[in-house]
Amino acid sequence: MTGFRITDGIDRGTAFQFTCDGESVTAYPGESIAAALMAAGKRQTRVTARRQMPRGLYCGMGVCWECIMIVNGKPAVRACMTPAEPGMKVETQHGVGDPA
Amino acid sequence: MAGSVFVETPPRDAEIAVVGGGVAGMSTALFLARAGRDVVVLERGVPWGDASGANAGTLSLQVKRTEVLDLCKLSLDVWKRFGAEMDIDVGFGQPGGLRVATTEAEVAHLREYSEEQRQGGLEFEWMEGNQLRDMAPWLSTSVRAATFCREDAYSSPLLSGGALPAAVGKAGGRIVGHAEVTDLKREDGGYRIETKRGALRVKTLVITAGPWSGQLARMLDVALPIYVDVNMLSVTEPAPKILDRVITHIGGILSLKQLANGTILIGGGWQGRGRFAGMEKFADHVRLGQNLTTAVSVVPDLAKLRLVRTWAGYEAVAPDALPAFGRLPNNDGAYIAAAARGGFTFGPAQGLLISEMILDKPPSTPIGRFDPARLLTGAHA
Amino acid sequence: MRETDLLVVGAGAAGLSAASEAAKHGLAVTVLDDNLLPGGQYFRRLPTGYHHTHETVFDKERQRANALYATTGQKGITYLNDAVVWESPENGVLAFARGADSGRIRAKLTIIASGAHDRPAPFPGWTLPGVVTAGGLQNLLKGQRVIPGRRAIVAGNGPLVLLVGATLARAGAELREVVEAAPILKRLAGSIADLIAMPKIVRQAVDYRLAIMKSGARLRTGWTVIEARGADELEEVVLAPIDATGKVDRSRARAVKADLLVVGFGLMPSIELVRLLDCKLEWKPLRGGWVPVRGADFETSRPGVLAVGDGAGIGGVEMALREGKLAGVIAAERLGKLSRDQAANLKAPIQAEIAKVETFRRGLERLYAMPPAFLDLLTPETIVCRCEDVTAGELRARQDAGFGSTAALKGTTRTTMGRCQGRNCLRTLSALIAQASGQPIEQVTMPRPRLPARLVTIGDLLQEELPPIEMPKDPHLPRGERVS
Ligand SMILES: Cc1cc2nc3c(=O)[nH]c(=O)nc-3n(C[C@H](O)[C@H](O)[C@H](O)COP(=O)(O)OP(=O)(O)OC[C@H]3O[C@@H](n4cnc5c(N)ncnc54)[C@H](O)[C@@H]3O)c2cc1C
Ligand SMILES: Cc1cc2nc3c(=O)[nH]c(=O)nc-3n(C[C@H](O)[C@H](O)[C@H](O)COP(=O)(O)OP(=O)(O)OC[C@H]3O[C@@H](n4cnc5c(N)ncnc54)[C@H](O)[C@@H]3O)c2cc1C
Ligand code: FES
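Residues numbered from 1 in each chain as written. Chains lettered and ligands numbered in written order. Predicted model: local features only at pLDDT ≥ 70, side-chain atom pairs only at ≥ 80, totals over all residues. Heavy atoms only, no water.

Undergrad: I would appreciate a short explanation of the packing of aromatic side chains in the present structure.
TA: For any pair of aromatic rings, the description rests on two quantities: the centre-to-centre distance and the angle between the ring planes. Evaluated as defined, the whole model comprises 11 aromatic pairs over all chains. Relative to B:Phe276, the ring of B:Trp212 lies with its centre 5.2 Å away and its plane at 35 degrees, an arrangement referred to as tilted. Separated by 64 residues along the polypeptide, B:Trp212 in the loop between β12 (198–207) and α7 (213–219) and B:Phe276 in the loop between β17 (273–275) and β18 (280–282) bring together distant segments of the chain. Judged by relative accessible area, B:Trp212 falls into the buried class, the value being 13%. Given the relative accessible area of 7%, B:Phe276 is considered buried. On the numbers, 5.3 Å between centres and 70 degrees between planes, the contact of C:Trp283 with C:Trp290 is edge-to-face. Taking the relative accessible area as the measure of exposure, C:Trp290 reaches 18% and is therefore buried. Directly above the aromatic system of A:Trp65 lies the positively charged group of A:Arg78, at a separation of 4.3 Å from the ring centroid. (Phe/Tyr/Trp six-rings, centres within 6.5 Å; stacked < 30°, edge-to-face > 60°. Helix = DSSP H or I, 4+ residues; strand = E, 2+ residues; numbered from the N terminus. Buried < 20%, exposed > 50% of the residue type's maximum accessible area, 1.4 Å probe, protein only. Lys NZ or Arg CZ within 6 Å of the ring centre and 35° of its normal.)

Written as structure tokens, this is what we have:
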């Protein structure tokens, strides 16, 4: 387990679940997909098309496009900018995001 | 520079100089160098720095006028042979192309137009209804019919821009970058060429400087009328397969294709803004919107993709829209390949045919009607 | 088309301050920002459903932040979130993408407050998951209260290094090392006289340092990261001392196990919009590189377009807040809501504060100035262009083959042509060209500015009402001008 949430001083409301690559992940209302995944210890968001390299959140502000994932079937969704939602289906994006 | 395909300065003397390192010039140089001739390419900037690097790479047979179908077939064949026979990776692909019609009037127009092309030797299949849907489920239901031409193809401006110059170098040709030609003179049965990297003398001169060819021809007292369009082109983010054919439109200006890396090029010849003097060229907001609207009306899934970049480039066109290449009028030993609507498609054929003239070989296809001399008289001049 | 008196691009410290001040004096202001929530980077906002139960060390800015957020509801201000400004179709008009609400907006005056992003500093392994930017880390803290790793190292150059170190220490990460490339301890004496102009920030910096020391982490100055290692994620970081010219001493390199590496080598202004607007630029390395040339009253070379905050040159949040406020007064004066005297009275105290921040910045810049020397770190396998997976080796091979210009390297390798539009690679590309040609980096040709300024969804662009399409009679015939 690597990443973690700072809990001191914050009430995040009621947790919910979504899935990433089939595994259940906990998130809170408004939390970004990237933050929820990192808190769950998952940091790889995609594998690049040309060299099959692992990548993850880098800029954290929406301009580098390294954190893109497949969300509910839609490729190239920025995990750092997109709030998680209950029941959402998130997948690691391989290359351009062809369906698995 | 070690390993470079470029030389720093032109030689003092050479047999043949090719002015302009786009697809037309580099193809010419390639065939001449492969035939063992001493050829130097003089390029103002770097090869593919202009239209040849900025274009969409569509090699479509069925959008062409009937008069140029044979020339186009020849060029497609050369494009294919680059990779297949000469080991030059130009990113050629031949998925076939669909030319779509969306209204009754367009369907009628497509029938008429394609029939005329059939007379001219074009092979295609008429597609509608389920047959069309099965082949291209990604097309909008607003597309009523299409012609499918198996020969429609594409090549990659990106890959060819590295590979063709490298091939010229490998074949013994020399390429001088940043060597803008500033003056041309007839001298002792040959030509004296001033460039920003020094002067040289040659026996044979080939002008392949795209829209600037007219200015060069004028230095040799030939007033060739050339027009320039400012074409816009847009590219999307890379995406999973959306479409797998080259798309063109009978009733709208459109070209669409998805490249191997998943990006989709959206263009067709919508006009940007700008002036030729000063090389100012910009996208036009309204026409970009219209270009995208047309594209989405044919392939609705495009609406979901993000636009990454839009740019504009110059396409040189002769007043009658036919390619203009051959001997430069009134100048022995000088040739020109200057303007062709869809000149990326025609570049390799133009290069081959010019080389055949220089090498005294019979032309691979008749070229009489493309003779630039036609533009010096009558309505065009 | 929408219309407004004043259009502000960016709802960060600078943009919101400008909007608030201008609206206070009676202007109709529209603020466009591409984030879901207001605040920009420094004032990145927690999800609206999160509640504070008590104050912690991370809540020191809550008051200023809340005041800024509140301006989005202030009278006279229309705030459009999730709106990407992507081009300028004509003078005084900007186009923005915002789903079904996309369109154009005409303004009498425009303020660009586009902020900044981290400067890319490539080294072997910098693309591994677990390597994040300093800005990204701060955003995760402020916007999410999440720390993306446990055993952490911070490396870089500039004031954010200490800040991030303190963040991690206070958040309870196992902070191992904080390494600052510039020999700031040696330089402190020469800078302190200027730094003291902002005593509060100096005190903060001391606190940051204490927090780092207390955590047991090592704070090294004159060191840098030279490599990140790991299979699918970061596992180990290699650090080495570096001299003032940026030369690395590999013989003293140290490998440290870590699962989080935060890198911060300074920020770069987001200049894509001012470039599209054809504003003149100048090279100010200490302000992040290319910045718009600004005349009196923050006006760029494009009349009616002002630039403020980090987007006009990195100045930090205190500068951004004040430049924004001053720009709000300027706008109100220019659009006739304030007389010259009224405006002068309002400007004077802000200008005095800006002068102080400028003094502080000068001290800061002297403290941290470093020649960027990352080029020595690049191995042939090091990625330069993240989007297109282009390595330094590929670029150098193209350079050796004679394709050494910006256009040729772009054209033959696709560097700068991916989704990030060059934000993560153009600076490195230019540095490689400068190195090979011996030119200073600011003389390396920049690619032509292209729309869109930021990526936009094509569907959004179809929302605009367009004139009917006029087809040419014969699409083969030329449509443009005769050129010979
Ligand atoms: C946006 C766009 C999209 C297009 N899409 C397609 C398409 O899909 N399919 C298609 O077939 N065609 C397309 N075209 C047209 C096609 O790109 C051109 O017709 C073709 O590339 C022309 O090649 P060229 O070698 O004749 O000229 P260019 O590529 O223009 O090359 C001319 C060269 O000459 C050099 N030069 C100029 N003056 C001098 C001088 N004085 N000294 C030395 N060198 C000089 C220039 O630097 C340049 O490199 C498109 C064009 C544009 C702009
Ligand atoms: C990721 C990051 C984190 C940072 N964290 C800290 C920190 O914790 N502490 C610190 O002292 N400094 C931090 N900084 C420095 C910080 O940038 C400034 O101190 C401060 O935020 C500058 O305020 P600003 O208003 O100029 O820009 P910003 O706060 O960056 O605001 C600019 C806004 O404009 C928006 N924008 C830009 N272009 C467009 C467009 N085309 N269309 C629509 N919207 C657009 C941006 O998305 C952003 O919301 C950080 C910088 C970055 C890049
Ligand atoms: S981390 Fe850069 S876009 Fe999400």
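Undergrad: Quick question: what am I supposed to make of the environment of C:Asp33 here?
TA: Residues and elements named next belong to chain C. For Asp-33, the position within the fold is in the loop between β2 (29–32) and β3 (51–52). Classification of Asp-33 as buried rests on a relative accessible area of 6%. Sequence-wise, Asp-33 and Tyr-79 are 46 residues apart; in three dimensions their C-alpha atoms are separated by 8.0 Å. Sequence-distant contacts of Asp-33, that is, excluding residues within four places in its chain, are made with Gly-10, Ala-11, Gly-12, Tyr-79, Leu-80, Asn-81, Asp-82 and Ala-83. A polar atom in the side chain of Asp-33 sits 2.7 Å from the backbone nitrogen of Ala-11. (Contact = heavy atoms within 4.5 Å. Polar contact = N/O pair within 3.5 Å; in protein donor to acceptor, adjacent residues only side chain to side chain.)

Undergrad: Hey, could you run me through the packing of helix α1 (residues 23–34) of chain B against helix α3 (residues 69–84) of chain B in this one?
TA: Packed helices, taken two at a time, are described by the angle their axes make and the gap between the axes. Residues and elements named next belong to chain B. With their axes 13 Å apart at the nearest point, α1 and α3 run at an angle of 60 degrees to one another. Taken together, the axes of α1 and α3 lie oblique to each other. Judged by the sense of rotation from one axis to the other, the crossing of α1 with α3 is left-handed. Contacts between α1 and α3 involve Val-23, Ser-27, Leu-30 and Phe-31 from the first element and Val-78, Trp-79 and Phe-82 from the second. Considered class by class, the residues forming the contact of α1 with α3 number 6 nonpolar, 1 polar and no charged. (Axes fitted to C-alpha atoms, helices over the stretch in contact; angles between N-to-C directions. Parallel < 35°, antiparallel > 145°, perpendicular 65-115°, else oblique. Left-handed = near helix turned anticlockwise from the far one by under 90°. Nonpolar A, V, L, I, M, F, W, Y, C, P; charged D, E, K, R; others polar.)

Everything listed here is a matter of coordinates, which is why it stays silent on function.
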